[in-house]
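Structural overview
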Amino acid sequence: MSAFPGELDSGASEGSSGSPYAVKLALFEGPLDLLLHLIRVNEVEITDIPIARISEQYLASLETIRELDLDVAGEFLLMAATLAWIKSRMLLPPDGLDTEGEGPDPRAELVARLLEYQRFKEVARELAERRWLGRDVFEAHASPLESQPESEREIAVGVFELIEAYRRVLARAGPSAAPHEVEVETVTVRERMRVVMKALELRPSLEFTECVLTSEGVFPSRSIFVATFLAILELSRLAALRIYQGVDERGGPQGPIHLRRSDDPGSGAWSEQVAEIM
Amino acid sequence: MERSEQLSIAEALILASPEPIPLPRLASLIPSCKPAVARALVDELNAEYLMRGRAFEIWEVAGGFQLRTLPAFASYVQASQPERPLRLSQAALETLAVVAYRQPVTRAEIEHVRGVDAGAVLRSLLERHLVRIAGHREVPGRPLLYATSRRFLEVFGLARIEDLPTLRELAELAPEGPAGAHPTLESVGSVSEAPEPPGQPADEDDADVSDDDEYFDDDEDPRSESE
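Counting of residues starts from 1 at the beginning of each chain's written sequence and follows it residue by residue. By the order in which they are written, chains take letters starting at A while ligands take numbers starting at 1. The model is predicted, so local features are restricted to residues of pLDDT at least 70 and side-chain atom pairs to those at 80 or more, both for listing and for counting; the totals for chains, interfaces and linings are taken over all residues.

1. Considering the overall build of chain A
As a reminder of what qualifies: Strands are runs of DSSP state E lasting at least two residues, helices are runs of H or I lasting at least four, and both sets are numbered from the N terminus onward. A residue is called partly exposed when the number of other C-beta atoms within 10 Å of its own lies between 12 and 20, exposed at 12 or fewer, and buried at 20 or more, with C-beta atoms placed from the backbone. We call two residues in contact when the distance between their C-beta atoms, placed using the backbone, is within 7 Å.
Within chain A one finds 10 helices and four strands. Overall, chain A shows an N-to-C arrangement of helices and strands of α-α-α-α-α-β-α-α-β-α-α-β-β-α. Here chain A holds 278 residues, and the buried ones make up 29% of them. Taking all contacts inside chain A whose residues are at least 6 apart in sequence as the whole, residues at least 24 apart take part in 60%.

2. Focus: the sheet that holds strand β3 (residues 105-106) of chain B
Sheets are built from strands paired through backbone hydrogen bonds, the pairs being either parallel or antiparallel. Defined as follows: Should DSSP find at least two bridges between two strands, the strands are taken to pair.
With antiparallel pairing, three strands are arranged side by side in an open sheet as β3-β5-β4 (chain B). Of all strands in the sheet, those bounded by a partner on one side alone are β3 and β4 (131-136) of chain B.

3. Points about the packing of helix α1 (residues 3-16) of chain B against helix α3 (residues 35-52) of chain B
For any two helices packed against each other, one specifies the inter-axial angle together with the distance between the axes. All names here are of chain B. Selection rule: Here an axis means a line fitted to C-alpha atoms, over the contact stretch when the element is a helix, while the angle between two N-to-C directions is reported on a 0 to 180 degree scale. Orientation labels follow simple angle bins: below 35 degrees gives roughly parallel, above 145 gives roughly antiparallel, 65 to 115 gives roughly perpendicular, and whatever is left gives oblique. Charged means Asp, Glu, Lys or Arg here, nonpolar means Ala, Val, Leu, Ile, Met, Phe, Trp, Tyr, Cys or Pro, and polar covers whatever is left, Gly included.
Following both chains from N to C, one finds α1 and α3 inclined at 85°, their axes separated by 10 Å at the closest point. Taken together, α1 and α3 sit at an angle that is classed as roughly perpendicular. Contacts between α1 and α3 involve Q6, L7, A10 and E11 on the former and, on the latter, A38, L41, V42, E44 and L45. Across the contact of α1 with α3, the residue classes tally to six nonpolar, one polar and two charged.

4. Overview of the confidence of the model for chain A
Residues and elements named next belong to chain A. Note the following rule: One number per residue, pLDDT, summarises how confident the predictor is, and it ranges from 0 to 100.
Scored by pLDDT, chain A has a mean of 73; 64% of the residues are at 70 or more. Across chain A, the element-wise mean pLDDT spans from 47 in helix α1 (residues 20-26) up to 92 in helix α5 (residues 108-129). Scored below 50 in pLDDT, residues 1-23 makes 44 contacts in the model with residues more than four places away or belonging to other chains. pLDDT under 50 marks residues 146-151. Its contacts with residues more than four places away, or in other chains, come to three contacts.

5. Topic: the pairing of strand β2 (residues 64-69) of chain B
All names here are of chain B. With respect to burial, β2 is a largely interior element, five of its six residues being buried. The sheet contact formed by strand β1 (residues 56-61) and β2 spans six bridges and is antiparallel. Within β2, the position partnered with F56 by the bridge is T69.

6. Thoughts on the packing of helix α2 (residues 31-41) of chain A against helix α3 (residues 51-67) of chain A
Residues and elements named next belong to chain A. Rules: Should the near helix be turned anticlockwise from the far one by less than a right angle, the crossing is termed left-handed; should it be turned clockwise, right-handed.
Packing of α2 against α3 brings their axes to within 10 Å, and their N-to-C directions diverge by 125°. Taken together, the axis directions place α2 and α3 in an arrangement best described as oblique. Considering only the axes of α2 and α3, their crossing is right-handed. Residue-level contacts link L34, L35, L38 and I39 of α2 to I54, Q57, Y58 and S61 of α3. Residue composition of the contact of α2 with α3, grouped by class: six nonpolar, two polar and no charged.

7. Examining the environment of G157(B)
Tracing the sequence through the fold places G157(B) in the loop between α8 (150-155) and α9 (167-173). Classification of G157(B) by C-beta neighbours within 10 Å gives partly exposed; the count is 19. Residues G157(B) and V61(B), spaced 96 residues apart in sequence, show a C-alpha to C-alpha distance of 5.5 Å. In this structure G157(B) touches R130(A), R131(A), L133(A), W59(B) and V61(B), once residues within four positions along its chain are discounted.

Have a look at this one:
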């Protein structure tokens, strides 16, 4: 279901070996989470951690993971080193040369991080208990009217979606479409901006993929491709064109991304703006 | 115009709106209606729904009003939906919590708070449109900044990001949370950036596209994941 297996459905999948320990350890979100757990089961104060006892138990937990042949993530090891360092600092006598008295508590930074993390865990719990749209409550669905020329509205096509589309075009074109190239082309973003705007003067709306592929639907050279992509982003930033995409019934983006000339009266000035910027 | 007529118009407008309808827009569409009156109409409608035992109510989310089913009917409506109900892991929730309260925030800052890598979680939150890229921090390396999205407000039923309880309020609720024990935690409650305005494209003018590989490790269509 997820493109990143194990990410959204918690790390519990690591415990598929069937061992109760594996499942339990996989449930810790990280070294801070494990430490908070140890502090809780030991019934000690975060602000006054018995560092020797806690770090011993912490290492024992890591050992359990290792015995089960599971990888101990680097961040757990880093915390083990931090604990060892704090423990060694606690054993040192107060610096005799320091006339100010005792130095800062070597645990202070860790305590601050634990308190902060604990607070965000609390926020996460609060978020989890809210009434989620799509889990606890559902919205009334009214679709935009069909009589609209296209069931499109301007949506927040972020850079993220645009890059996705860019990658899809790349994937569609495949590597073979652009065979070995020797000649050096000089392509500028500015030039590609002119090409895109010229195309938009002829037609009110262009599909994103037509813009980046050549008129024969062939993948152009990589430099043209990249320059065109940047040109579209730049034109969008200058409000010379707008980027549209259809929406599905749940408000998510759907279908091809379209480019349209901006209706803003000032958008004709895009070329001056380009000249100014680039 | 009769108030009862205004009430029905407000109900029709909210029902027929494909997305949360903002208060000023609602008021402008009802003849001789000021925003304060429109809000009173919504309250009246909700009172009526409650009294009559209707299965829905009007929520104020992401800067507008929207009709939503009551939680009591969740299991029935879930069964009727093509998608599986929304699920978020503990890692995703904790990351969202940090983004919500620290936004705009860098990946490194999130990782410092949680003590673990945040790359994969951030990617999946971006795919679900719960988090957006809000530009760069102008420091060496120009790291990307993350912020919560309009979708975040919709999913968690918030009218605006300021409606999240402050961290101090949460600490007071939590039995084990020593409130304000550390000075650096005092300033956390304020959110330094307003949410993106409803219906406006996200402000990612200066988001850098050159380092996209950091976010895309595969060719999956992220929209297949969005609900």
